[in-house]
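So the chains spell out like this:
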Amino acid sequence: EAGVAQSPRYKIIEKRQSVAFWCNPISGHATLYWYQQILGQGPKLLIQFQNNGVVDDSQLPKDRFSAERLKGVDSTLKIQPAKLEDSAVYLCASSTISGRAGELFFGEGSRLTVL
Amino acid sequence: KQEVTQIPAALSVPEGENLVLNCSFTDSAIYNLQWFRQDPGKGLTSLLLIQSSQREQTSGRLNASLDKSSGRSTLYIAASQPGDSATYLCAVRRTNAGKSTFGDGTTLTVKP
């Protein structure tokens, strides 16, 4: 079974530029999450989708971050314009809504450096 | 608001030692608790998932316990090896459709 796929793995941009990250969850997983992990800290949820609807985006800085999950499968997270404090690893995770519901599976992450 | 704490932040032990990692949470109304391992520059790998109705889960040299009433979980690692060196994180989920709240992790170093 293929795991959660993310790209790109690394991205370096200047502040005020834009960047986009892509995630493809495990096949059949209805719920998709984007987490931000700053060095030395645990992941913090940015947005949670179930199918193509948003369940929780309370911690998403909506003035600069946006995310979509068209067709309820893969997802894109965009940052525009980027700030220095956005330097972090952006982790995508997915989970099923049946069986072992709520068990999170993570991708390798996309490391963003903002200069 | 759920808060998850992992103490200590870092731990160094000699190879072969048995050790316990701690995870505390403030709200005992949880759906499940999950332990992860994170190697440098990598994503999170799931180790063990404990449902709220369970007291413990075991996988190989790992054993995780859950005490909801006291807001605690422990991850026991038997006969530690240098390959166990990594950051260990716990995550607490409130409902089956809700979000998981993470601790900041314990970074384990096992010295040969």
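Rules of the game
Residues numbered from 1 in each chain as written. Chains lettered and ligands numbered in written order. Predicted model: local features only at pLDDT ≥ 70, side-chain atom pairs only at ≥ 80, totals over all residues. Heavy atoms only, no water. Helix = DSSP H or I, 4+ residues; strand = E, 2+ residues; numbered from the N terminus. Rg over C-alpha atoms; globule rule 2.2 N^0.38 Å. Buried < 20%, exposed > 50% of the residue type's maximum accessible area, 1.4 Å probe, protein only. Contact = heavy atoms within 4.5 Å. Areas by Shrake-Rupley, 256 points an atom, 1.4 Å probe, with all protein chains shown as cover. Lys, Arg positive; Asp, Glu negative; His and termini not counted. Charge placed at Lys NZ, Arg CZ, Asp CG, Glu CD. Pairing = 2+ DSSP bridges. Axes fitted to C-alpha atoms, helices over the stretch in contact; angles between N-to-C directions. Phe/Tyr/Trp six-rings, centres within 6.5 Å; stacked < 30°, edge-to-face > 60°. Disulfide = S-S within 2.5 Å.

Asker: Any chance you could break down the overall build of chain B for me, citing the residues and the numbers?
Answerer: A tally of helices and strands in chain B yields zero helices and eleven strands. Along chain B, helices and strands appear, N-terminal first, in the series β-β-β-β-β-β-β-β-β-β-β. Taking 13 Å as the expected radius of gyration for a compact globule of 112 residues, we find that chain B reaches 13 Å, a close match to that expectation. Residues counted as buried form 44% of the 112 residues belonging to chain B. Put simply, 55% of the contacts in chain B that link residues at least 6 apart link residues at least 24 apart. Per element, the accessible surface of chain B, about 5,200 Å² overall, is 48% carbon and sulfur. Mean positive and mean negative side-chain charge positions of chain B (11 and 9 charges, respectively) differ by 6 Å.

Asker: Mind laying out the sheet that holds strand 3 (residues 19-24) of chain A, listing which residues take part and the relevant values?
Answerer: All names here are of chain A. Read from one edge to the other, the open sheet built from four strands follows the order 1-3-8-7, with strand pairing classed as antiparallel. Pairing within the sheet leaves two strands with one partner each, and these edge strands are strand 1 (5-7) and strand 7 (65-68). Along the sheet, successive strands turn relative to each other by an average axial angle of 15 degrees, direction set aside. Both strand 7 and strand 8 (residues 75-79) contribute to a ladder of four bridges, which runs antiparallel. Paired with glutamate 68 across the strands is threonine 76, a residue of strand 8.

Asker: Tell me about the packing of aromatic side chains, residues and numbers included.
Answerer: Under the counting rule described, the total for this entry stands at eight aromatic pairs over all chains. Centre to centre, the rings of Phe21(A) and Tyr90(A) are 5.4 Å apart; their planes meet at 20 degrees, and the pair counts as stacked. Taken together, the residues Phe21(A) in strand 3 and Tyr90(A) in strand 9 (residues 88-95) connect sequence positions 69 residues apart. When its relative accessible area of 1% is taken as the criterion, Phe21(A) is described as buried. Measuring from ring centre to ring centre gives 5.6 Å for Phe36(B) and Phe102(B), while their planes differ by 35 degrees; the resulting arrangement is tilted. Residue Phe36(B) is located in strand 4 (residues 32-38), and its partner Phe102(B) is located in strand 10 (residues 100-102); the two are separated by 66 residues in the primary sequence. Among the aromatic residues, ring-to-ring pairing joins Tyr33(A), Tyr35(A), Phe106(A), Phe36(B) and Phe102(B) into one connected group.

Asker: If you had to explain the state of the cysteines to someone new, which residues and values would you point to?
Answerer: Residues and elements named next belong to chain A. With the rule as written, the count across this model stands at two disulfides over all chains. Across the disulfide from cysteine 23 sits cysteine 92; the S-S distance is 1.8 Å. Of note, the bridge from cysteine 23 to cysteine 92 carries an S-S torsion of about -70 degrees and is left-handed in sense. Of this pair, cysteine 23 sits in strand 3 while cysteine 92 is found in strand 9, placing the two residues 69 residues apart along the sequence.

Asker: Hey, could you go over the environment of Ala91(B) for me, with residue numbers and the actual values?
Answerer: Residue and element names in this part refer to chain B. With respect to the secondary-structure elements, alanine 91 resides in strand 9 (residues 86-93). Each C-alpha atom, one on alanine 91 and one on aspartate 67, is 14 Å from the other, the two residues being 24 residues apart in sequence. Leaving out residues up to four positions away in the same chain, alanine 91 has contacts with Asn32, Leu33, Gln34, Phe36, Ser100, Thr101 and Phe102.

Asker: How would you summarise the sheet that holds strand 3 (residues 19-25) of chain B if you had to cite specific residues and measurements?
Answerer: Spatial strand order, 1-3-8-7-6 (chain B): five strands in an open sheet with antiparallel pairing. At either margin of the open sheet sits one strand with a lone partner, and together these are strand 1 (4-5) and strand 6 (56-59) of chain B.

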